[in-house]
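Single-letter residue listing:
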Amino acid sequence: MVSFLARRLGFAVVTLFSVLTLVFLIVRILPGDPVLVILGDQASPASVIALRQRLGLDQPLLVQYGRFLLQAIQGDLGTSMISGRPVTEEILAVLPYTLELTIAALILGAALGIPAGVWAAVRRNRLPDYVLRLLSLLGLSLPAFVAAIILLMVFAIQFRWFPVISAGGADTLTERLRQMALPTLALALIMMAYITRVTRSAMLEVLSQDFVRTARAKGASASAVIWSHALGNCLIPITTVIGLYLGILIGNSVLTEIVFSRPGLGKLILTALSQRDYTLLQGMIVVYTLMVVVVNLLTDLTYGFLDPRVQYK
Amino acid sequence: MVGKNTSDKPVLSVSGLTIAFGSTTVVHDLSFGIAAGETLAVVGESGSGKSVTSLAIMGLLPERIGRASGSVKLGDRDLLTLDESEMRSVRGGQISMIFQEPMTSLNPVQRIGDQIGEAIRIHRGLKGAELREAVLEMLRKVRIPDPEERIDNYPHTFSGGMRQRVMIAMALACNPALIIADEPTTALDVTVQAQTLALLKELQRETGTAILFITHDMGVVAEIADHVLVMRRGRAIEQGTVHEVFSNPRDAYTRSLIAAAPSLVGKLADGTIPARGVEGVPLSFRGDAPVLEVRDLSVRFPSRGGLFGRLKGEVHAVEQVSFAIGKGETLGLVGESGSGKSTIGKAIIDLAPRHSGEITVAGRRIDYADPRSLASLRRDVQMIFQDPFGSLDTRQSIGSAIIEPMQVHGIASGKEARAKMEWLLERVGLDPARATSLPHEFSGGQRQRICIARALAMSPKLIIADEAVSALDVAIKAQIIDLMIDLQKEFEVSYLFISHDMAAVERICDRVAVMYFGEIVEIGARDDVIGRPGHGYTQRLLSAIPITHPDQRSARPPQRVDATPPRSPMKPVGYRPPPQSWEMMAEGHFIRRAS
């Protein structure tokens, strides 16, 4: 277990290091001089040179790279070229919004998707199964922002149950939850669609296994067979899917945040892109990578809790 | 018919049971009875309706598809009239089941204590410490070593035999009136089977439960049954006491089942033959020159662990194995699962890593590093595998499956290859017109014929048959073995016949080698090895094989129900096993001398 963790952390370090290098290079290959972006076309040559010096862009590439790595290790991802604030600070200011949205969507999606998948499997080739399969297909094919816009139009504009703009200004918990409700739902529906489908297929496979027959032969009730014996054996594929789609969920949150005018990583990355804020951009890519690496590691560790046969070597 | 030869009222009486799936009737008008403390063996091949019958008794037929009519009386209650919740109290309480596959019949993510406890909780209402104590008692009853510790273990930490004991504990936990055992020992090694049967018999004596024992193996029937019911195609074709059925079988089908049991085994000669020590390795064979010679073959698999996958040890799967096979000769390689017999076959054709050893085919030593040498090896040596379903490409017509290797090796192509393929299909008893059919259109036995034809397409000198008939029903198995014997005469091909099935080995093999923990412990002519086994392990293996007639029950030594942990084949890196020495029992009959 310890050596497994050590090895996986080693891989994580290598992954992050590669991403840092790649990001550093890409930003320097991209067309457009950041100094001109900041100062505009009319800037005097003297001020261009001065800024270039201040940003360290006059140094040789290797020196820049070394400095970049050293700072990144210390958690310093540089300062934003536009706002002048530290990138780490900018990201940390909006990260909680994205995390709370993603986690809430994940929990809601799993809470709805797992029972729906189980139900579809138990009622295989009957009406509930057909309906759930159709709905989950719809969920998979509907882009996140379309679902978001539909929700917005129906529940915020037509019925006025929830606010149209979900940004800030929430003093009470109820208010905050009201603001979160629609964006969470928009993301959770997609998550639910994935989880329903994988739960259904995993359950169908498990329900035909010998040990399910053994459980029934013991006299166990139908609900004990389904929820205790069968579902316990489905959790590995379900966890795998959750782990895989958590990355997609974070990606989807970009569009959702824009539709609902919510602060978060999505909005931030859009701003950084449109303003050619290279340092902010490279910082955000690093943070995204970090999140994916952590999610993968957590998924692997969860397997061990779910299945006694999993050994960490 | 009901409860023959017993004055007691039957525990279970089935009459006029008819089972249908949709519009197909799979069991017709079946009637039988079982008295307390009695064992009824239901015998038949796959598809005969024996397992379906047990599921119907349990009320576990597939929902909405399976229908059962007639009556299944447990005491005075007709189980077919009970609703699901009433049936649940019967299942596991009054009737419990033991299934065939110990590897898949237990829930892999639940502790075995919880799985046994579930039945006790449902039917006896015990909880907490009381429940745990009841589970421990059951574990002790089925002789699981260290029950206090094992109760909290998961199924994957148990061997097949131990898992089947867990299943038995589960089945006996609520003192059922009847246990239905569906092929409970079929997946087990023969020595483990003998122990499991002994345990079941002993527990039956203690508890007086009735057992409905479903099997395809007449040897097992001879061991344990009081009454026998032979089923074929959903009908009972013969019924009677075990002595009646074995001594005076009325139906030809029953006679063929009884005849399929190994006949040499169990007729062990008395006394031991004085042995002479010999030098060297036992490389005798029949004929002038060996087709295959294996010298000092060892196969080791690395076992890695730790942070950087450091080599922790090596699994000695095959250790210093030497043997030879003559032209047109069949050598049987027998042993229990994990003994390394399949690994030898794989190592010969380069599917397993050889640690050391020399392999010579038709006088030419194989150089595995030389592509030309390998190509000729792959032409001269062909394989037939156990699973006829998995060893054919599901999307390739059987004709092209047979033609493909001929083209690959440039033996024949175009019209010539097609003609040879059609001729081969005819030789193995299939209609050449079906050459364009896909594998799923054939039965298991037919697919094995296709695999044989594919192997013969290369005009090989040697065919390695790895459990080639083990997955087949008794009657089909006999047909395939006869086909292999006929083809051997016609093509003068040699076989390395790897099997755990002594009846098959006895029928097809000229010589037999016995494997134990990666080593050959005894090798010699079939009649010598089976009739006068010299090595202790061979004797143990042969005495575990079920008897062929119930009259022999008293004659055989009692089976110990013990729990010796298996010897570990894992050795430290660089371990050098002691050199082997052999004793000659008779011409060509060698046993390993204890080191």
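Residues numbered from 1 in each chain as written. Chains lettered and ligands numbered in written order. Predicted model: local features only at pLDDT ≥ 70, side-chain atom pairs only at ≥ 80, totals over all residues.

Asks: Would you mind showing me how to read the overall build of chain A here?
Replies: Regarding its fold elements, chain A presents 13 helices and zero strands. Secondary structure of chain A in N-to-C order comes out as α-α-α-α-α-α-α-α-α-α-α-α-α. Dimensions of chain A, computed from the C-alpha atoms along their principal axes, are close to 85 × 55 × 35 Å. Here chain A holds 313 residues, and the buried ones make up 35% of them. For chain A, long-range pairs separated by at least 24 residues make up 73% of all intrachain contacts whose partners lie at least 6 apart in sequence. (Helix = DSSP H or I, 4+ residues; strand = E, 2+ residues; numbered from the N terminus. Buried ≥ 20, exposed ≤ 12 C-beta atoms within 10 Å, placed from the backbone. Contact = placed C-beta atoms within 7 Å.)

Asks: Just checking my understanding: could you explain the domain arrangement of chain A for this structure?
Replies: One frequently used descriptor of interface size is the decrease in accessible area upon assembly of the parts. All names here are of chain A. By the assigned domains, chain A splits into domain 1 (2-83) and domain 2 (88-306). A C-alpha centroid distance of 33 Å is found between domain 1 and domain 2. Listed as interface residues are 22 residues of domain 1 and, on the opposing side, 18 residues of domain 2. Going through the elements one at a time, α1 (2-29) and α2 (34-39) are the ones with two or more residues in the side of domain 1 that touches domain 2. Tallied by class, the residues present in the side of domain 1 that touches domain 2 amount to 13 nonpolar, seven polar and two charged. (Domains from an automatic or database assignment. Nonpolar A, V, L, I, M, F, W, Y, C, P; charged D, E, K, R; others polar.)

Asks: Looking at this model, I keep getting lost on the environment of Leu138 of chain A. Mind explaining?
Replies: Residue placement: Leu138 of chain A occurs in helix α6 (residues 127-141). Here Leu138 of chain A falls in the exposed class, since 12 other C-beta atoms lie within 10 Å of it.

Asks: Would you explain the interface of chain B and chain A in this entry?
Replies: Each side of the interface is counted separately: chain B has 28 residues, and chain A has 22 residues. In terms of residue count, helix α3 (residues 112-124) of chain B provides more of the side of chain B that touches chain A than any other element does, four residues in total. Partitioned by chemical class, the residues of the side of chain B that touches chain A number twelve nonpolar, twelve polar and four charged.

Asks: Help me understand the sheet that holds strand β9 (residues 227-232) of chain B in this model?
Replies: Hydrogen bonds between backbone groups are what pair the strands of a sheet, and the pairing can be parallel or antiparallel. All names here are of chain B. An order of β6-β7-β8-β3-β9-β10 is seen for the six strands of this open sheet, with the pairing classed as mixed. Each end of this open sheet is capped by a strand with a single partner; those strands are β6 (95-98) and β10 (235-241). If you compare each strand with its neighbour and ignore which way they point, the axes differ by 15° on average. Those strands touched by helix α10 (residues 252-259) are β3 (39-43), β9 and β10, and its axis lies near 110° from that of β9. (Pairing = 2+ DSSP bridges. Axes fitted to C-alpha atoms, helices over the stretch in contact; angles between N-to-C directions.)

Asks: I would appreciate a short explanation of the packing of helix α11 (residues 235-259) of chain A against helix α13 (residues 278-306) of chain A in the present structure.
Replies: Between two packed helices, what matters for the description is the angle formed by their axes and the separation of those axes. Residues and elements named next belong to chain A. Where α11 meets α13, the closest approach of the two axes is 10 Å, and the angle between their N-to-C directions is 170°. Classified by the angle their axes make, α11 and α13 are roughly antiparallel. Along its contact with α11, which presents Leu235, Ile236, Thr239, Thr240, Gly243, Leu246, Gly247 and Ile250, the element α13 presents Tyr288, Met291, Val292, Val295, Asn296, Thr299, Thr302, Tyr303 and Leu306. For the contact of α11 with α13, the per-class residue count stands at ten nonpolar, seven polar and no charged. (Parallel < 35°, antiparallel > 145°, perpendicular 65-115°, else oblique.)

Asks: Looking at this model, I keep getting lost on the pairing of β3 of chain B. Mind explaining?
Replies: If a strand is regular, its side chains alternate between the two faces of the sheet. Residue and element names in this part refer to chain B. For β3, a buried count of five out of five residues is recorded, marking the element as mostly surrounded by other parts of the structure. Both β3 and strand β8 (residues 210-215) contribute to a ladder of five bridges, which runs parallel. Bridge pairing links Thr39 to Ile211 in β8. With four bridges joining them, β3 and β9 adopt parallel strand pairing. What sits directly across from Leu40, in β9, is His227.

Asks: How should I be thinking about the domain arrangement of chain B in this particular structure?
Replies: Residue and element names in this part refer to chain B. The domains assigned to chain B are domain 1 (1-94 + 177-259), domain 2 (104-175) and domain 3 (386-459). A separation of 25 Å is found between the C-alpha centroids of domain 1 and domain 2. At the interface, 13 residues of domain 1 touch 15 residues of domain 2. When residues in the side of domain 1 that touches domain 2 are grouped by element, the largest group, seven residues, is from helix α7 (residues 190-207). Looking at the side of domain 1 that touches domain 2, its residues break down into eight nonpolar, five polar and no charged.

Asks: Looking at this structure, how should I read the UniProt feature "transmembrane region" (unreviewed entry) in chain A?
Replies: All names here are of chain A. As annotated in UniProt, the feature "transmembrane region" (unreviewed entry) corresponds to residues 9-30, 101-122, 134-157, 177-195, 235-260 and 280-306 in the numbering used here. Helix makes up 95% of residues 9-30 and strand 0%, whereas the separation of the span's terminal C-alpha atoms amounts to 31 Å. This span, residues 177-195, is 100% helix and 0% strand, and a straight line between its end C-alpha atoms measures 24 Å. (UniProt positions renumbered as here; feature names shortened; annotations may be inferred.)

Asks: I'm lost on the sheet that holds strand β5 (residues 77-78) of chain B in this one. Help?
Replies: Residues and elements named next belong to chain B. In spatial order, the strands read β2-β1-β4-β5; together these four strands make up an open sheet with antiparallel pairing. Among the strands making up the open sheet, the edge pair consists of β2 (24-35) and β5. Bridge analysis of strand β1 (residues 10-21) against strand β4 (residues 66-74) gives eight bridges, and the strand direction is antiparallel. Looking at the pairing, Thr18 lines up with Ser69 of β4. Relative to the sheet, helix α1 (residues 50-58) contacts β1, β2 and β4, its axis offset from that of β1 by approximately 110°.

Asks: Before we go on, may I ask you to explain unusual backbone geometry in this structure?
Replies: A negative phi holds for most residues other than glycine; trans holds for most peptide bonds. Residue and element names in this part refer to chain B. Its identity is not glycine, yet Glu183 carries a phi of approximately 50°, on the positive side. Within the secondary structure layout, Glu183 lies in the loop between β7 (178-182) and α7. Positive phi, normally seen in glycine, also occurs at Glu492, with a value near 55°. You can see Glu492 is positioned in the loop between α16 (474-491) and β19 (494-499).

Asks: Is there a simple way to think about the UniProt feature "domain: ABC transporter" (unreviewed entry) in chain B in this case?
Replies: Under the feature "domain: ABC transporter" (unreviewed entry), the UniProt entry names residues 12-258 and 292-542 of chain B. Annotated as residues 12-258 of chain B, this span is 40% helix and 27% strand, and its ends, taken at the C-alpha atoms, are 27 Å apart.

Asks: Would you mind going over the environment of Phe213 of chain B with me for this structure?
Replies: Residue and element names in this part refer to chain B. For Phe213, the location among the structural elements is in strand β8. Here the alpha-carbon distance between Phe213 and Val42, two residues 171 residues apart in the chain, equals 6.0 Å. Ignoring sequence-local partners within four residues, the contact set of Phe213 consists of Thr39, Leu40, Ala41, Ala181, Ile224 and Ala225.

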